[in-house]
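One letter stands for each residue in the lines below.
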Amino acid sequence: MSTPRVEIVGAGIAGAACARALRAAGVDVLVRERGRAPGGRLAAPALHGRRVDVGAAYFTVGAAEFAAVVSGWQQRGLVREWTDTFHVAGGDHKRGPMRWAAPDGLRALVRDLLVDIEVTYQDEVTAVSGPAVLAMPDPQAARVLAALPGHDWVRYDPVIAVVAGFVERSWPFADAAFVNDDPDITLVADDGARRGDGAPVLVVHTTSALAGRHLDAPDGVVPAVVAALQRTLGVTASPEWTQAHRWTFAKPSGTHGDAAYALTDELVGVCGDAWCPSGSPRVESAWLSGHRLATELVRRLRSLG
């Protein structure tokens, strides 16, 4: 007996991972995306002739399941090791896990997962019936699914990413900088270093407090961001151009504890980066959440058949 088609709402990394795992198990899948392109918070629009990552700044690798996928991406040139050391504004350097980047932008990884999978765009979904998956931030999932038995919805904080293009590279760090205890900015990434083309482009992530005051007009943060670059990192040059991108639901303020996903008795699942029992929310946790939800959904569908 064949399994029914599963609708996945959201074409970010969690939804794409879920769709790919379902397809691999022989389940028919339809992905429905409200935007005009896949990627979700792995957005990489073309600005001034090149892709720029304006969402997630990088990803790290820990779990074996995700490492196997990343290895395949690396072999095909879709990802590259970037750096394990970030500058700290007002301090020294911070070593950590290897951060990975994508030469054509992180969105390319979602596109790769969705190859040969049917996706509809500009497709607003207001209600679902099982089997279905909501692969999106909790506040968006809550608009479709009023209650989630056994779980409380997690609140998400906003961020505005400001892309700043300069005449030349003139900042005192090689790859990226953490900015701690500043009222306006938290992270500055050298997009030319990250992408490997050397372009003099910075991507600056604001604090949630600053973003929250400018969600209706994101460009309003630009003067504060430029001033913060000078104040915290000594970047005295003025950018030739800027562009601000609003993320109303940028990052979860908490997590769902030990749960890697949710799946109701009606076979409506919820997955995303807030479902991260292995650690803090990140790109890998979103992929794992979607992948693991698909595994359980396949098991349930086969048991019904």
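Above this text is the structure in question.
Cut-off values and rules
Residues numbered from 1 in each chain as written. Predicted model: local features only at pLDDT ≥ 70, side-chain atom pairs only at ≥ 80, totals over all residues. Heavy atoms only, no water. Phe/Tyr/Trp six-rings, centres within 6.5 Å; stacked < 30°, edge-to-face > 60°. Helix = DSSP H or I, 4+ residues; strand = E, 2+ residues; numbered from the N terminus. Buried < 20%, exposed > 50% of the residue type's maximum accessible area, 1.4 Å probe, protein only. Lys NZ or Arg CZ within 6 Å of the ring centre and 35° of its normal. Axes fitted to C-alpha atoms, helices over the stretch in contact; angles between N-to-C directions. Left-handed = near helix turned anticlockwise from the far one by under 90°. Contact = heavy atoms within 4.5 Å. Nonpolar A, V, L, I, M, F, W, Y, C, P; charged D, E, K, R; others polar. Parallel < 35°, antiparallel > 145°, perpendicular 65-115°, else oblique. Pairing = 2+ DSSP bridges. Right-handed = clockwise from strand over helix to strand, strands pointing away. Salt bridge = Lys/Arg side-chain N within 4 Å of Asp/Glu carboxyl O.

A. Quick peek at the packing of aromatic side chains. Tallied over the entire structure, the rule returns nine aromatic pairs. Taking the centre distance of 4.9 Å and the plane angle of 50° together, the rings of phenylalanine 86 and phenylalanine 178 count as tilted. Taken together, the positions of phenylalanine 86 in strand E5 (residues 80–88) and phenylalanine 178 in strand E10 (residues 176–178) put the pair 92 residues apart, joining distant regions of the chain. Under the relative-accessibility criterion, phenylalanine 178 is labelled buried at 17%. When the ring of phenylalanine 166 is compared with that of tryptophan 171, the centres are 5.3 Å apart and the planes differ by 65°; the resulting orientation is edge-to-face. Of the two residues, phenylalanine 166 and tryptophan 171, both sit in the buried class. Among the aromatic residues, those joined into a ring-pair cluster are Phe59, Phe66, Trp73, Trp100 and Trp287. Just above the ring of tyrosine 58 sits the side chain of arginine 99; from NZ or CZ to the centre is 5.6 Å. The ring of phenylalanine 86 is capped by arginine 99, whose NZ or CZ atom sits 4.2 Å from the centre of that ring.

B. Up close: the packing of helix H1 (residues 13–24) against helix H8 (residues 283–304). Where H1 meets H8, the closest approach of the two axes is 7 Å, and the angle between their N-to-C directions is 35°. Where H1 crosses over H8, the two elements pack in a sense that is right-handed. Facing H1, whose interface residues are Ile13, Ala14, Ala17, Cys18, Ala21 and Leu22, H8 presents Val283, Ala286, Trp287, Gly290, His291, Ala294, Leu297 and Val298. Here the residues of the contact of H1 with H8 sort into 12 nonpolar, two polar and no charged.

C. Broad picture of the side chain of threonine 264. Position of threonine 264 relative to the elements: it lies in the loop between strand E14 (262–263) and strand E15 (268–271). Of the residues examined, threonine 264 reaches a relative accessible area of 10% and is grouped as buried. Once residues lying within four places of it in the same chain are set aside, the contact partners of threonine 264 are Leu148, Pro149 and Arg300.

D. The arrangement of the environment of leucine 304 in detail. Within the secondary structure, leucine 304 is located in helix H8. The exposure class of leucine 304 is exposed, given its relative accessible area of 62%. When the C-alpha positions of leucine 304 and threonine 3 are compared, they lie 8.7 Å apart, and in sequence the two are 301 residues distant.

E. Structural detail: the packing of helix H2 (residues 64–75) against H8. In the contact formed by H2 and H8, the axes pass within 10 Å of each other and the chain directions differ by 105°. One finds that H2 runs roughly perpendicular with respect to H8. Every residue of H8 that contacts H2 at Glu65, Phe66 and Val69 is listed here: Glu284, Trp287, Leu288 and Arg292. Here the residues of the contact of H2 with H8 are counted per class, giving four nonpolar, no polar and three charged.

F. Examining the sheet that holds strand E11 (residues 185–190) more closely. One open sheet accounts for seven strands, arranged E6-E5-E10-E11-E12-E9-E13; its pairing is mixed. At either margin of the open sheet sits one strand with a lone partner, and together these are strand E6 (93–101) and strand E13 (241–252). Direction aside, the axes of adjacent strands within the sheet are offset by 25° on average. In this structure, strand E9 (residues 156–165) lies alongside strand E12 (residues 201–206), joined through five bridges in antiparallel fashion. Along E12, the bridge assignment pairs alanine 161 with histidine 205. With respect to the sheet, helix H7 (residues 222–233) is in contact with E5, E9, E10, E11, E12 and E13, its orientation differing from that of E11 by roughly 80°.

G. Fine view of the environment of glutamate 266. When you line up the elements, glutamate 266 lands in the loop between E14 and E15. Along the backbone, glutamate 266 and serine 129 are 137 residues apart, and their C-alpha atoms lie at a distance of 7.4 Å.

H. Structural detail: the environment of alanine 37. Relative to the helices and strands, alanine 37 is located in the loop between strand E2 (29–32) and strand E3 (46–47). Taking the C-alpha atoms as reference points, alanine 37 and glutamine 122, separated by 85 residues in sequence, lie 8.5 Å from one another. The residues contacting alanine 37, other than those within four sequence positions of it, are Arg107, Arg111 and Tyr121.

I. Structural context of the pairing of strand E1 (residues 6–9). Of the strand pairs in this sheet, E1 and E2 are connected by four bridges, and their pairing is parallel. Residue pairing for E2: valine 9 is matched across the bridge by arginine 32. The parallel pair E1 and E2, bridged by H1, forms a crossover whose chirality is right-handed.

J. Here's a closer look at the pattern of salt bridges. Applying the stated rule across the entire model yields 20 salt bridges. One salt bridge connects arginine 5 with aspartate 28, and the closest N-O pair in it is separated by 3.0 Å. With arginine 5 in the segment before E1 and aspartate 28 in the loop between H1 and E2, the pair connects residues that are 23 residues apart, well separated along the chain. In this structure, arginine 5 and glutamate 118 form a salt bridge, with 2.9 Å as the shortest nitrogen-oxygen distance. Pair noted here: arginine 5 is in the segment before E1 and glutamate 118 is in strand E7 (residues 118–120), with a separation of 113 residues, a long-range link.

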